[in-house]
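Now for the letters of each chain:
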Amino acid sequence: MPPATSPHTPGAPGATVQQICRFPVKGLNAEALEQVTLTAGQGLPDDRRFGIAYGLGTGAKRGFFDLVQEERLAQLRIAYDPTGSTGPSLTISRQGRQVVSGDPTDQTGRMLLNQFFAGFLSGSRRGTPSFQEADDSTRSEALPNPVSIINLASIRDFERVARQPVDPRRFRGNIVIDGLPAWSEFNWIGREIQIGTARLKVVGRTQRCAATNVNPDTAERDMNIPLTLRKGFGHMDMGVYAEVVADGTVKTGDPVSDI
């Protein structure tokens, strides 16, 4: 396990936001944002707002398709506009070509999305997919609210152990930061941090699962991230979760500091 590092380690004042990402549909790729407004008690706006559900029959085990079960989802690219002139719009592309577009909040749009995913996920052992908007009951368990924070220095240290480059997108972070010592974000647990003008409380480490094994470009399982973390560091964690405790705006390039 990496040595404990004080959150006041020299260099921490230079930590900045490198990227902001939202995942409008659980299991699909991210959209990069230049800035985002965070609200106390809520996650990143429109993050995991939608999911591709399975097991909707009587007595069936329910859940959402993700990369753990279906690595082919990494082939898809997404563009989501929550405030379009005619309503929200979700566009999905594959290999640079648009394959479906519609309003994911209305019946016609969901029908188009369901038709696409029924074909794309044909043969899945999970059964027929159903594109759905998350409600409070599903979001708390399957589509959580906390903001995911990834430290690029920790990924670089992991690359040293893995002996190969590791794309940060594998870890599906909402806010990607740099300028901290590797693994020092773990020392923020239980503390409040300032990112831009927003304040967040770090509530726990993010344990990694088999979804990280999927290459975000090729959609192939070409690494074993959890196993390499456990062998190299004695844990399977990368990144931390934080809850928003005070409203504010976060932009790329904004400073990050503990309070």
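Rules of the game
Residues numbered from 1 in each chain as written. Predicted model: local features only at pLDDT ≥ 70, side-chain atom pairs only at ≥ 80, totals over all residues. Heavy atoms only, no water. Pairing = 2+ DSSP bridges. Helix = DSSP H or I, 4+ residues; strand = E, 2+ residues; numbered from the N terminus. Contact = heavy atoms within 4.5 Å. Axes fitted to C-alpha atoms, helices over the stretch in contact; angles between N-to-C directions. Phe/Tyr/Trp six-rings, centres within 6.5 Å; stacked < 30°, edge-to-face > 60°. Lys NZ or Arg CZ within 6 Å of the ring centre and 35° of its normal. Buried < 20%, exposed > 50% of the residue type's maximum accessible area, 1.4 Å probe, protein only. 1 Å grid on protein atoms, 1.4 Å probe; cavity = no way out; pocket = protein on both sides within 12 Å on 5 of 7 lines; lining within 4 Å. Points joined across faces, edges and corners; volume = space filled by probe spheres on them. Nonpolar A, V, L, I, M, F, W, Y, C, P; charged D, E, K, R; others polar.

Attention shifts here to the sheet that holds strand β9 (residues 130–133). The antiparallel open sheet is built from three strands, whose spatial order is β5-β4-β9. Single-partner strands in this sheet number two, and they are β5 (63–64) and β9. Helix α1 (residues 107–120) rests against β4 (50–54) and β9 of the sheet, and its axis sits at about 140 degrees to β9.

As a further point, take the packing of aromatic side chains. Within the structure shown, the criterion is met by eight aromatic pairs. Seen from their ring centres, phenylalanine 50 and phenylalanine 131 are 5.6 Å apart, and the 25 degrees between their planes marks the pair as stacked. With phenylalanine 50 in strand β4 and phenylalanine 131 in strand β9, this pair connects stretches of sequence that are 81 residues apart. Aromatic pair phenylalanine 116 and phenylalanine 117: ring centres 5.0 Å apart, planes at 70 degrees, arrangement edge-to-face. Taken together, the ring pairs connect Phe50, Tyr80, Phe116, Phe117, Phe120 and Phe131 into an aromatic cluster. For arginine 205, the ring lying beneath its charged end belongs to phenylalanine 186, and the centroid distance is 4.0 Å.

Residues in a regular strand project their side chains so that they alternate between the two faces of the sheet. Of all the five residues making up β4, five are buried; the element is thus mostly covered by neighbouring parts of the structure. Taking every second residue as pointing to the same face, both faces of β4 are buried, with Phe50, Ile52 and Tyr54 on one and Gly51 and Ala53 on the other. Here four bridges tie β4 to β9, and the two strands are oriented antiparallel to one another. The partner of alanine 53 across the bridge, within β9, is serine 130. Pairing analysis gives two bridges linking β4 to β5, with the strands arranged antiparallel. Paired with alanine 53 across the bridge in β5 is phenylalanine 64.

Before going further, it helps to examine the layout of surface pockets. Rolled over the atoms, a probe as big as a water molecule pinpoints where empty space is left. The space that makes up the second largest pocket amounts to roughly 250 Å³. In terms of lining residues, the second largest pocket is bounded by 15 residues, among which Gln19, Cys21, Ala30, Pro168 and Arg169 are the most central. Taken together, the elements giving at least two residues each to the lining of the second largest pocket come down to β1 (16–22) and β2 (31–33). The residue inventory of the lining of the second largest pocket, partitioned by class, reads seven nonpolar, three polar and five charged.

Nothing here speaks to function; it is all geometry.
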